[in-house]
Structure formats: C-alpha cells, structure tokens
Amino acid sequence: MKDLLRFATAGSVDDGKSTLVGRLLYDTKSVLADQIEAVQRASVDKGLSTPDLSLLVDGLRAEREQGITIDVAYRYFSTPTREFVLADTPGHVQYTRNTVTGASTAELAVLLVDARYGVVEQTRRHAAVLALLQVPRLVLAINKIDLIGYDQAALEAIGKDFAGLARSLGFADDAVVTIPVSALVGDNVVDRSGHTPWYTGPTLLGHLESVPVTPPEADSPFRMPVQYVIREHASDYRGYAGQVASGTVRPGDAVVVLPGGATTTVAGVDTADGPLDAAGAGRSVTVRLADDIDLSRGDVLAAAGAAPRVTNELDATLCWLSDKPLRPGARLLLKHGTRTTQVIVGALGQRLDTDTVSYVDAPEQLAINDIARVSLRTADALPVDDYADIRATGGFLLIDPPTGNTLAAGLVGDPLRLQA
Amino acid sequence: MTVPVMDALDALESEAIHIFREVAGEFDRPVILFSGGKDSTLLVHLAVKAFAPAPVPFPLLHVDTGHNYAEVIAFRDAIVERLGLRLEVAHVQDWIDDGRLTERPDGTRNPLQTVPLLDSIVEKKYDAVFGGGRRDEERARAKERIMSLRDGFGRWDPRSQRPELWNLYNGRHAPGEHVRVFPISNWTELDVWRYIQRERIELPSIYYSHRREVFRRDGMWLAEGPWGGPRGGEALEERTVRYRTVGDGSCTGAVESTATTLDEIIAEVTASRLTERGATRADDRLSEAAMEDRKREGYF
C-alpha cells in the first residue's frame, strides 16, 4: 500500500531547479522514451548539441520560446514505496505568488541554493513564505557542489547559516534537513555520491521516500466544513457531505454546528462503500447526526469540546497576489471553507520585509506579492482557527467581486512567529 | 481505536469527491463530459460515490465524432441505463450537415469536437463542465488548474490563470463564461488502472487484448473506419491489440498487446517506455504545442 507525498520546489532561476526536477524525474525513470525523443528533437531544432532537460518541464509555447517558466506545473512520479505530486514553481526573483500557490498544499518544500553563493536574499524570502504558510517540513538542497570541489567546510557553513535562519522563522530543528547535491552530475539526488564521503544523511529521494506524511492536522480537533446536504427520499436518508479538514470523527462524538452553535452527536460516518468507525483528516465522508437540526452548506461541524471561535472581526496576514492594489475600505468577497461572504478591509498593519525577514511600517496600500497584516470585518460570522493551529480553518481567499479573480491568500492570525 | 491510514488511491479518491461536491454546491448547471473511455468512466464512478445514496445531480454530455468504436457506444449506453443517468449527445455530423463545420482533408474529426462542445455549453447554459483530463498526460495539461475559467469564447489563457490555494476552489464566473473542472488532475495513468482494478470498474472491451483488423500509418496501428482508412498502400492485417486511450477512430491507435486482465494491463503500463498519448494519439504529434493550441480554442 503506497502513500502520497505532496511537495513543492522553491528557489531562484539560476539555482538549477529545473535541472533538479529533471534529474529526479529522469533518475526515477519517470521520463518515457517519447518524451525524451520530443526533447531531443526540440533541442536539435534550437541548435543545441545536448538535450535541454528544461524542455521536459516547460509546457507552454511561450515558455519554450522565451526559455522561462510562467506558471506552476504539477509533476508526478513514483517509486516502489511512495507516490509523489510535485508542484514545480517558477523561480522569478520578484514573485512570491507562485511560491504561495505551490506551497499551499505541500507537506514538504525543497528549497534550493547555489553552493557558490549560499543563503541569499531570495533564500530568506522563500523560507519566510514557506514558514508563513506553515509548510511542515523543509529540505535545503545545496546544489552545484561539483562547482566548489565538494568542499565540506564550505557546505557545512551554508547548512549552519540556513539552520539559524530556519530557527528564527520558527521551524523546529528536526523539520529541516540539509542535503548537498549536484543536479547536473547526479550527486545525492537519487544515487549517493562518491564525492561526499563525509555526508552521512539521506539522498534527496531517500529523504522524500522516508519522511513521515501524516498531516499536521491529524492530531488537531475535528473540523469539517459542510459542502452539500445529501438526501435520498426512498430511504429517508439525510447526511452532511464534506472532507474532514482536521482531526478525526467517530460515531458517538459530540459535535457543534457553527456559526449557529447547536450541539448534537454523530450518528454515523458514511461513505459509498459503507460506514466507517473513524475518518481522519483528508477523507471525504458523509456525516449523519442524531438530531434534526438546521444545517447547510457553509456551516462547520466541529468537536464540541474544542470548537473554533466564531467572529466577524479577523486579524489576518495577507499574501497579495493581484496587480490590482488593496486599499483600506475595499469591499471584497471572502471564501472560508465552504462559505463565501462579504468583507470590508480595515486598517493595514505592518508589511513583511522579505529581504530582512522582519515586519516594517504599515504601507498605504498593498501591491502584488506584498505580505502584510490586516484587519477585516465580515458580513457573516465565521468559525475560524489561527492558521498556525489548523491550516484548513485558518486559511481563506479574498475575491474581487466584479471579476471573480482571486486577489489574496489570507491566513488568520500571525502564523509567522519570528524569533529574535 | 486507530484511524485507518489513507493510501495514495484513497487520497486521490477523497480529493476528487471533494471537487464534485464543491461544484454541486456552487454551480447551477454542471455537466460531465463522457465518452465511454476509461477516464470519463472513472469520473462517473467517482461522481456516483460522491453523492451516494442519492443520484448524481449532473447530466452527461458526449460529443460524438461519428468515428467511434461500436463497442464503446454500446458500453456508453449500457452504463447510462444501468446507473439511471441522463445523457445528451452532440453529433459532429449534424454540424457538418448544416454547414457549421467542414470535414478536414485528413479525415480526422478530433479537432472538430470543439465547436459542438462550445455550442452545447452555450445552448444548455452549462456553467461547469467536468472533464477527465489528467496533468500527467501532456505538458500543457500539467499547467492546468483543477478549476479553470473559460471566457465567453471558451478559451483558456494559461498566462492569466487564478492561483489555486489549499482546497479552496474559486469557481466565480460572469454570465456566458464557464469553468472546466478536472477532478482527476492529480491521477496518473497507472493510478487510474490500479483504481479501476480496486473498484472493479467495468470498461469497454477494446481496452483488453483482442484480435482486430488494423493497418499501419505513421507508426501506429489504426482500425478500418468511415473516416477513410486504409488508403492506397495501407494493407489491413489481423493483429492482437488493445487500446490505451479511446478517442476519434481516425487518430487513436491500438498497441500490440496480449494483456487480457487488469493485472496484465497494469504490468504492461508499468513496463511501457511510451506515454499513452505518445503511443496512441496522432493529433498530439501535429506540433510541439498541439494540445496547448487546441485547449486555447476551447477543446477540453
């Protein structure tokens, strides 16, 4: 029985990210003959003497023409022990937007640095975004180690430098692993390198195969936004469909319906394959309740003894993803769980300076890729948790009413607990 | 009491069910594109599971090129009957007959499906259109969102896609626009086969090895058909083959195979050195960006 690891890459353009992704796919034999032939054909057309592996991953006409990556792409590969979904994000220096998109569903992120330059501004910026989004596990891949002659002291210095940064961003020491690699040559990516006898840790693939994938939400209190009411008249069936967002639900559990506040117990946890004794985070189920109470799409079912708070006033952190700037007083839509409600933007708070990884003075407006604190007032009361506690009930979208476009990723509270 | 651990297929199934239920909750007139092939059959199976014990709250739409395999059409009608689903069929032939489309010189009708699809979406006011597209199929598809906005002309603009964060899908659209939804985006070909085996999902017989009269064209084994094959110099011969994908007969090739069971198919797909599209789809060989160009026009 294989499990699934969702992970993302981060790092700037020249750190060799596409080569690393290409190497992972190639060395796990996830690239098939017709894809290789297509790349060889296209490389010859471009006048290259060796195949350009970035053509394996750059899928759009404009990307191939310009030699850049425009948007996040998703890659799939598997080994005998595990299946992988890789969100392959573009490395543009100025864009945090793509890193946010790729990292929002990731259980692990691989952050690349160039061994010649070590931890640079872009590393701090991406590490801050990954910390903000609470990506549970981090790999620092120090790439191009062949170009510094596999210098142990230099690599250990970079690792130590990064460990300090990760600690100041709130990552636990055991959540971060540093691996020296050469994507070009293949050192420590899939196969162990003979050039780094002093390195005793896992290869990148070995780590990806063995790192635990239990979601952090597994041990949190039960939450389930109600998506849809399932009724079947012939059998008088009525159940509440949703995906368990955190914790576990079992028949007999006491639950509260929010924002209304009615309490009842779980009569059954159903699936199309029959009832379950327990369903954990990530599982789509249909919950039957003991009492006939008013409950519809948008409501949240939660553990009665450990419920989220219900509020119209949110202090939150926004990652602003749109070219259209945000000013105080804006009227927008907010999607939280399965509920969409109107929201008025209040005061803007401090902005994160991603170069120095510190909060600085409040801006007058938010521009694309800004990360800042903000206060919001919502039309409907929302059952929320701090994003740092439960990602699923602490995250929300801001949506532009006239265009329907997604403007921001919102995080309830201040997930980035910067350590001095 | 321990909580059962989800394996990779459980996780993919739960994600797809979540997506079906989001669409049911947020859209007025969704429809599932259904061809009778393995991916759309899988979609229908997941839709049934998402709403059980209630019926699937969406109809099905088949854009029928008229170049289909008889076994697939029979299977399509049987599954619709058995599950009590509603099926709409848009016949490409009707568009050719009244002059809205013109038959191509190469005889393939695969690219011609786009216009009947878009016309049907407008006519029936569909606002969410489920497709069985998977990101592992092709490089342009790897860039596709799970919920993907299409403008009033049905066009996909890869440069202005909405960011897709967590599992909060933003399906907002203006009147006249619609959203394409891909619940099995994150499945691979092998996931699909393993799940078909686990769930004992019935498929058209042409996915399993059989003897068939075929001829060789452009490195593929094509079957005889009303679309003009074989032509001069192409000779029919009987081969033991099966299909990895099901599409328009003019551009969907068979592979030589003796796999008659799901175990044998899974072993064969695992060992294959060719992607399913590279092996059996002529239309993707037209240019480096063939799929992207079709998608930009509104193809699914």
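An account of the accompanying structure is given in this report. (Residues numbered from 1 in each chain as written. Chains lettered and ligands numbered in written order. Predicted model: local features only at pLDDT ≥ 70, side-chain atom pairs only at ≥ 80, totals over all residues. Heavy atoms only, no water.)

### So, the sheet that holds strand S1 (residues 3–10) of chain A
Where strands meet in a sheet, backbone hydrogen bonds hold them as pairs that are either parallel or antiparallel. All names here are of chain A. Spelled out, the test is: Note: two strands are recorded as paired if DSSP finds a minimum of 2 bridges between them. Counting from the N terminus, the helices are the DSSP runs of H or I reaching at least four residues and the strands are the DSSP runs of E reaching at least two. Here, axes are lines fitted to C-alpha atoms. For helices the fit covers the stretch in contact, and angles between N-to-C directions go from 0 to 180 degrees. Residues count as neighbours in contact if any of their non-hydrogen atoms are within 4.5 Å of one another.
Ordered in space as S2-S3-S1-S4-S5-S6, the six strands form an open sheet in which the pairing is mixed. Edge positions in the sheet fall to strand S2 (73–78) and strand S6 (176–180), since each has one partner strand and no second. The sheet shows a mean angle of 25° between the axes of neighbouring strands, taken without regard to direction. Strand direction decides the pairing type here: S2 and strand S3 (residues 82–88), joined by six bridges, are antiparallel. Pairing of Arg-75 across the sheet is with Leu-86, part of S3. Running over the sheet, helix H6 (residues 152–168) touches strand S4 (108–114), strand S5 (137–143) and S6 and is turned about 150° from S5.

### A few points about the interface of chain B and chain A
Inclusion rule: Buried area, as used here, totals the accessible surface that two parts lose on assembly, with accessibility defined by a 1.4 Å probe and the loss added over both. Within this document, salt bridges are pairs made up of a side-chain nitrogen of Lys or Arg and a carboxyl oxygen of Asp or Glu, the two lying within 4 Å of each other. Residue polarity is assigned by list, with Asp, Glu, Lys and Arg as charged and Ala, Val, Leu, Ile, Met, Phe, Trp, Tyr, Cys and Pro as nonpolar; anything else, Gly included, falls into the polar class.
Taken together, the 64 residues of chain B in the interface contact 84 residues of chain A. For the pair chain B and chain A, the two sides together bury roughly 6100 Å², of which 53% comes from carbon and sulfur. The largest per-residue losses of area from chain B upon contact with chain A belong to Arg-21, Lys-143 and Trp-166 of chain B, which jointly make up 14% of the total buried on that side. Summed over the shared surface of chain B and chain A, the result is seven salt bridges. Measuring nitrogen to oxygen at the nearest pair gives 2.9 Å for the salt bridge that ties Glu-26 of chain B to Arg-297 of chain A. Those elements that provide at least two residues to the side of chain B that touches chain A are helix H1 (8–26), helix H2 (38–51), helix H6 (189–199) and helix H9 (290–297) of chain B. Looking at the side of chain B that touches chain A, the element that brings in the most residues is H1 of chain B, giving 14 residues. Here the residues of the side of chain B that touches chain A sort into 27 nonpolar, 13 polar and 24 charged.

### Some remarks on the pattern of salt bridges
This is how the line gets drawn: Only protein chains enter the calculation, and the probe is 1.4 Å; a residue is then buried if its accessible area is under 20% of its type maximum, exposed if over 50%, and partly exposed in between.
In this structure the tally under the stated criterion is 48 salt bridges over all chains. Note that Asp-114 of chain A and Arg-116 of chain A form a salt bridge whose closest N and O atoms lie 2.9 Å from each other. Classification of Asp-114 of chain A as buried rests on a relative accessible area of 4%. Residue class for Arg-116 of chain A comes out partly exposed when judged on its relative accessible area of 40%. With its nearest N and O atoms 2.9 Å apart, the salt bridge here joins Asp-151 of chain B to Arg-155 of chain B. Accessibility expressed as a relative area gives 22% for Asp-151 of chain B, which makes it partly exposed. Exposure remark for Arg-155 of chain B: the relative accessible area of 46% places this residue in the partly exposed category.

### Quick word on the pairing of strand S21 (residues 371–384) of chain A
Residue and element names in this part refer to chain A. Alignment of strand S17 (residues 309–320) against S21, held across ten bridges, turns out to be antiparallel. Following the sheet pairing, Leu-314 is matched in S21 by Leu-376. The sheet contact formed by strand S19 (residues 339–353) and S21 spans five bridges and is antiparallel. Within S21, the position partnered with Arg-351 by the bridge is Ala-372.

### Examining the sheet that holds strand S1 (residues 30–33) of chain B
All names here are of chain B. Taking strand neighbours across the sheet as the criterion, the six strands line up as S3-S2-S1-S4-S6-S5 in an open arrangement whose pairing is mixed. The open sheet has two edge strands with one neighbour each: strand S3 (87–91) and strand S5 (147–150). Each adjacent strand pair in this sheet contributes to an overall mean axis angle of 30°, direction not counted. Sheet topology note: the S1/strand S2 (residues 60–64) ladder contains two bridges and is parallel. Bridge pairing in S2 places Ile-32 opposite Leu-60.

These figures capture arrangement, not role.
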